[in-house]
Amino acid sequence: MANIMTGAEALIQSLLDQGVDTTFVYPGGTIIKVFDALFSHRPDLKQILTRHEQGATHAAQGYARISGKTGVAIVTSGPGATNTLTGISDAMLDSTPIVVIAGQVGTDALGTDAFQEIDLVGVTQPITKWSYQIRRAQDVPWAVARAFYIAQSGRPGPVVLDFTKTAQNETIDYKPEKIDFIRSYVPSPEPDMEQIDAAVRLINGSTKPLVLVGHGVELGNAEEELKAFIEKADAPAARTLLGLSALPSGHRLNMGMLGMHGNLAPNVMTNRCDVLIAVGMRFDDRVTSDVNFYARQAKIIHLDIDKSEFGKNVKPDVAVHGDCRKTLALITERIDKACHKEWLDSFKPLEHEEHEKVIENAIHPKDGPLLMGEVVNAVAEQAPDNAVLVTDVGLNQMFSARYFKYNRPRSIITSGGLGTMGFSLPAAIGATFGTEDRMIFSFQGDGGFQMNIQELGTIMETGAPVKIVIMNNSFLGNVRQWQQMVCDSRYSCTPIKDPDFGLIASAYSVPYRRVSERTELTEAIRDMIAAPGAFILEATVMEEENVMPMIPGHKPVDKMIFTIDDDWK
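Residues numbered from 1 in each chain as written. Predicted model: local features only at pLDDT ≥ 70, side-chain atom pairs only at ≥ 80, totals over all residues. Heavy atoms only, no water.

## Let's talk about the overall build of the protein chain
Thought 1: Per the secondary structure count, the protein chain includes 24 helices and 20 strands.
Thought 2: On C-alpha atoms alone, the protein chain measures out to a radius of gyration of 24 Å, which is about the 25 Å that the 2.2 N^0.38 rule sets for 569 residues.
Thought 3: Each of the three principal axes of the protein chain carries a C-alpha extent, and together these read 70 × 60 × 40 Å.
Thought 4: In the protein chain, which comprises 569 residues, the share counted as buried stands at 60%.
Thought 5: A fraction of 76% describes how many contacts in the protein chain between residues 6 or more apart in sequence connect residues 24 or more apart.
Thought 6: In the protein chain, 53 side chains carry a positive charge and 71 a negative one; their mean positions are 3 Å apart. (Helix = DSSP H or I, 4+ residues; strand = E, 2+ residues; numbered from the N terminus. Rg over C-alpha atoms; globule rule 2.2 N^0.38 Å. Buried < 20%, exposed > 50% of the residue type's maximum accessible area, 1.4 Å probe, protein only. Contact = heavy atoms within 4.5 Å. Lys, Arg positive; Asp, Glu negative; His and termini not counted. Charge placed at Lys NZ, Arg CZ, Asp CG, Glu CD.)

## Re the environment of Met372
Thought 1: With respect to the helices and strands, the residue Met372 is situated in helix H17 (residues 372-382).
Thought 2: For Met372, a relative accessible area of 3% puts it in the buried group.
Thought 3: For Met372 and Pro141, which are 231 residues apart along the polypeptide, the C-alpha to C-alpha distance reads 49 Å.
Thought 4: With residues up to four places along the chain from it excluded, the contact list for Met372 reads Leu395, Asn396, Phe399, Met471, Asn473, Val541 and Glu545.

## Structural notes on the pattern of salt bridges
Thought 1: Scanning all chains against the criterion turns up 23 salt bridges.
Thought 2: For Arg252, the salt bridge goes to Asp234, with nearest N and O atoms at 3.0 Å. Taken together, the residues Arg252 in the loop between strand S10 (237-239) and strand S11 (254-257) and Asp234 in the loop between helix H11 (223-233) and S10 connect sequence positions 18 residues apart.
Thought 3: It is possible to trace a salt-bridge network through shared partners that takes in Arg155, Asp306, Glu309 and Lys312. (Salt bridge = Lys/Arg side-chain N within 4 Å of Asp/Glu carboxyl O.)

## Considering empty space enclosed by the protein
Thought 1: One pass over the full model with this rule turns up 1 cavity of 30 Å³ or more.
Thought 2: Roughly 40 Å³ of internal volume is contained in the largest cavity.
Thought 3: Residue lining of the largest cavity: Arg65, His215, Glu218, Arg410, Ile412 and Ile413, and that is the complete set.
Thought 4: Partitioning the lining of the largest cavity into residue classes produces 2 nonpolar, 1 polar and 3 charged. (1 Å grid on protein atoms, 1.4 Å probe; cavity = no way out; pocket = protein on both sides within 12 Å on 5 of 7 lines; lining within 4 Å. Points joined across faces, edges and corners; volume = space filled by probe spheres on them. Nonpolar A, V, L, I, M, F, W, Y, C, P; charged D, E, K, R; others polar.)

## Some points on helix H14 (residues 324-334)
Thought 1: For H14, every residue scored as buried is listed here: Cys324, Thr327, Leu328, Leu330, Ile331 and Thr332.
Thought 2: Residues of H14 that are buried sit in contact with helix H9 (193-204), helix H10 (216-219), H11, strand S12 (275-279), strand S13 (299-304) and strand S14 (318-321).
Thought 3: Sitting at the head of H14, Asp323 places a side-chain oxygen 2.9 Å from the backbone nitrogen of Arg325. (Polar contact = N/O pair within 3.5 Å; in protein donor to acceptor, adjacent residues only side chain to side chain.)

## Re the layout of surface pockets
Take a probe with the size of a water molecule and roll it over the atoms, and the empty space left behind shows itself.
Thought 1: The volume enclosed by the second largest pocket comes to roughly 520 Å³.
Thought 2: Residue lining of the second largest pocket: 23 residues in total, with Arg239, Gly256, Asn263, Ile359 and Arg402 positioned closest to the centre.
Thought 3: No other element matches helix H16 (residues 348-363), which puts 5 residues into the lining of the second largest pocket.
Thought 4: Split by residue class, the lining of the second largest pocket holds 11 nonpolar, 7 polar and 5 charged.

## Thoughts on the sheet that holds strand S16 (residues 412-413)
Thought 1: Strands sit in the order S16-S15-S17-S18-S20-S19 across an open sheet of 6 strands; the sheet is parallel. Among the strands making up the open sheet, the edge pair consists of S16 and strand S19 (512-515).
Thought 2: As defined by bridge partners, S19 adjoins strand S20 (residues 535-540) across 4 bridges and the pair is classed as parallel. Bridge pairing in S20 places Val515 opposite Ala539.
Thought 3: Across the sheet, helix H24 (residues 518-530) touches strand S17 (440-445), strand S18 (466-472), S19 and S20, and the angle it forms with S19 is around 165°. (Pairing = 2+ DSSP bridges. Axes fitted to C-alpha atoms, helices over the stretch in contact; angles between N-to-C directions.)

Given below as structure tokens:
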């Protein structure tokens with residue numbers, strides 16, 4: 001029986017066939033037929049109207065990161081499409097599966113500089129896994145099926161579909177498409193057993209192993225395989241920023257966070273271990289600092305699904321190509337049961353040093369203004385065990401990443417590779433639609449909050465229950481810290497004058513409380529958590545607080561400083 005429909009209707013049916021239940025949208029002229037088709041599917045396909053197209057892509061990211069599904073954003077052409085570029089870039093660098101569908105002028109107008117025409121495929125090819133222009137309605141089911149397969153297979157990432165008005169208006173006899181193979185595209189290669197065996201030999205011969213846990217562990221749903229591996233190897237594990245919730249905070253082998261503002265012990269021990277086992281991470285410069293001084297004493301094993309990462313930044317002795325859920329299991333069943341008590345004990349003095357010099361003062365100050373670490377720790381102590389942290393970028397990101405608690409996988413959503421200010425609010429909104437039973441905390445600075453503040457309108461309309469914590473230091477704090485270090489405290493364009501966030505919250509009908517006294521903090525957090533929906537808690541914190549410890553730029557990872565005054569230049 002014929003199933004005649006327009007290309008626009010075929011797009012919506014194709015999304016439903018892919019299991020899509022939520023879209024983040026902003027309408028416009030060249031995509032109007034798609035929105036007309038969406039109108040008929042309101043009960044079975046949620047349509048979340050964001051207040052900006054960048055917000056739609058970040059919301060799709062937040063949805064994808066917490067649910068493990070592919071996020072979807074639908075926008076119009078021209079500025080609607082170009083407004084998604086930051087979110088697409090962010091998704092590419094952080095391996096987040098999203099599909100962005102943008103309207104486009106009709107095929108007869110392509111190349112004429114028509115109103116709101118932009119070469120979206122040309123613009124987005126470098127920042128996507130695949131970018132394709134749909135010119136014929138008959139190609140819609142194939143293009144959507146291919147888009148979702150590419151976005152969510154292998155190393156996930158963003159895909160863009162540029163949907164011409166011509167293809168939207170034509171009619172087809174719709175038939176569902178399923179794609180699970182593309183010639184020359186091998187998203188999950190079979191492990192090479194020679195490389196597995198080579199890794200096993202190095203691990204069995206190690207007396208000081210160190211495991212680096214990246215975002216790929218969560219993307220591959222390999223959290224249990226990771227735990228089985230480190231427990232049999234008795235190997236301490238450190239996590240990247242995006243890999244923080246791949247291993248519970250309280251696990252005995254969890255040694256903390258790597259990188260510029262990570263924990264002292266794992267950074268120092270990176271340059272003392274004899275075998276370094278990197279799982280699903282890309283040796284980002286924020287983790288390695290100067291690669292010329294990075295783990296030169298160690299044999300390096302790198303497990304990754306993307307072979308282009310091997311040797312890109314750090315050359316491995318053994319490169320294990322494949323899905324880490326498979327490769328970890330293969331290695332675990334072959335390694336010897338180990339005990340590395342002396343090596344594990346050697347982390348403790350460094351942990352104690354950091355606690356005495358930094359952590360205790362950061363989370364339990366005795367006097368003075370509120371501190372960011374104190375606020376984060378106080379929220380973490382009252383938050384449910386399944387809470388999710390969504391950070392913005394800057395000092396708020398580093399403090400919240402350091403002092404939040406991670407009990408379950410997919411408990412941190414942050415902009416790692418691109419470092420996008422304004423990410424947290426829309427990403428947190430998207431996350432609330434990707435889960436039904438987890439509390440979403442959005443930590444932001446006063447600067448980043450104002451970058452996508454309009455998304456409070458999305459909360460007002462949808463009731464998205466985001467718990468927003470604004471840590472207000474009246475500065476663009478991360479840049480200010482660097483200006484203090486390298487510009488002799490010449491604070492150029494980093495002090496920022498803020499509006500009355502309470503009045504803004506009231507305008508958007510979001511409950512609000514401001515706290516500046518330590519004695520009020522616990523009660524204010526209790527009010528926020530008890531609120532049935534969204535809530536804004538503004539904490540006025542120390543203006544010139546710095547996040548420590550720190551690896552100064554281009555210094556070895558084991559040369560961390562505890563104060564700005566330390567000799568590091």
